[in-house]
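# Summary of structural features
Spelled out, the chains give:
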Amino acid sequence: MPLQDSPDPAEPSWVQGVTADFLIFFSSRDESGKLWCPDCVDVEGVVQETFGPVDGPSGLIVYVGQRAEWKTPLNPFRAGPWNVDSVPTVIRTRDGARLVEEIPERLASFVRE
C-alpha cells in the first residue's frame, strides 16, 4: 500500500480510524509546501523510499501542526494514545514500538521487525 498523507494538520479523530502498519509523525508544511522541521526534511526521502512502493509496508504521514501548534504541551499528539515527544517519530501500530532517532540508518530494519 502506498504512503498516505493525513490532512494538514491532522485531527486526532481522523488518525484513530487508520489501519496503516506505521504512523509517521511529521511537522506540517508551510505555505510554500516545505516541512518546517529540519529533522523531518532530513528523513523525508527515506520515508518515501520505504513506504512509497506499492508492495511496501503501509504508512501514514500524520502532520502535527505548524511550529507554534506543535510546541504547545496541549498539542493532541503529545497525549495518549500517541505520546509523541518529537518529530519525526515512526510508530509501528501493531505493537506501539517507535523509532525516533537515527531514522535514516534504522528505518529499513525497523519495518522488517
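These remarks concern the structure in this document. (Residues numbered from 1 in each chain as written. Predicted model: local features only at pLDDT ≥ 70, side-chain atom pairs only at ≥ 80, totals over all residues. Heavy atoms only, no water.)

Aromatic rings considered in pairs are described by the distance between their centres and by the relative angle of their planes. Within the structure shown, the criterion is met by four aromatic pairs. Relative to Trp82, the ring of Phe77 has its centre 5.1 Å away and its plane inclined at 55 degrees; by these criteria the two rings are tilted. Grouping residues by exposure puts Phe77 and Trp82 together as buried. In textbook terms, an aromatic cluster arises when at least three aromatic residues are bridged by ring pairs, as seen for Phe22, Phe51 and Phe110. Here Arg78 stacks its cationic end above the ring of Trp70, 3.9 Å away from the centre of that ring. Here the guanidinium or amino end of Arg92 rests over the ring plane of Phe110, the centre of that ring lying 4.5 Å away. (Phe/Tyr/Trp six-rings, centres within 6.5 Å; stacked < 30°, edge-to-face > 60°. Buried < 20%, exposed > 50% of the residue type's maximum accessible area, 1.4 Å probe, protein only. Lys NZ or Arg CZ within 6 Å of the ring centre and 35° of its normal.)

So, about helix H2 (residues 38-51). Relative to the 20 Å expected for 14 residues at 1.5 Å per residue, H2 spans 20 Å between its end C-alpha atoms, a close match to the ideal helical length. The largest bend along H2 reaches roughly 40 degrees and is located at Glu44. Those residues of H2 that fall on the buried side of the exposure criterion are Cys40, Val43, Val46, Val47, Thr50 and Phe51. Where H2 is buried, its residues touch strand S2 (22-26), strand S3 (59-63) and helix H4 (103-112). (Helix = DSSP H or I, 4+ residues; strand = E, 2+ residues; numbered from the N terminus. Expected span 1.5 Å × (residues − 1). Bend = angle between axes of the 7 residues up to and from the residue. Contact = heavy atoms within 4.5 Å.)

In this section: unusual backbone geometry. Here Asp8 and Pro9 are connected by a cis peptide whose omega angle stands at 0 degrees. Structurally, the position occupied by Pro9 is in the loop between strand S1 (4-5) and helix H1 (12-16). Here the residue pair Val87 and Pro88 is connected by a cis peptide bond, since its omega of 0 degrees sits within 30 degrees of zero. As for its position among the elements, Pro88 is in the loop between helix H3 (67-71) and strand S4 (89-92). You will see that Glu102, though not glycine, has its phi angle at about 55 degrees, which is positive. As for its placement among the helices and strands, Glu102 is situated in the loop between strand S5 (98-99) and H4. For Glu102, a relative accessible area of 52% puts it in the exposed group.

With respect to topology, five strands assemble into an open sheet ordered S1-S3-S2-S4-S5, the strand pairing being mixed. Two strands in the sheet have a free side with no partner beyond their single neighbour: S1 and S5. Pairing analysis gives two bridges linking S4 to S5, with the strands arranged antiparallel. Across the sheet, Val90 pairs through a bridge with Leu99, a residue of S5. Lying on the sheet, H2 is in contact with S2 and S3; it crosses S2 at an angle near 155 degrees. (Pairing = 2+ DSSP bridges. Axes fitted to C-alpha atoms, helices over the stretch in contact; angles between N-to-C directions.)

This part is about the pairing of S4. Consecutive side chains of a regular strand alternate in pointing toward one face of the sheet and then the other. Of the two faces of S4, the one lined by Thr89 and Ile91 and the one lined by Val90 and Arg92 are each fully buried. Both S2 and S4 contribute to a ladder of four bridges, which runs antiparallel. Across the sheet, the residue bridging to Phe22 is Arg92, located in S4. The hairpin turn running from S4 into S5, its antiparallel successor, is five residues long, and Gly96 in that turn takes a positive phi close to 80 degrees.

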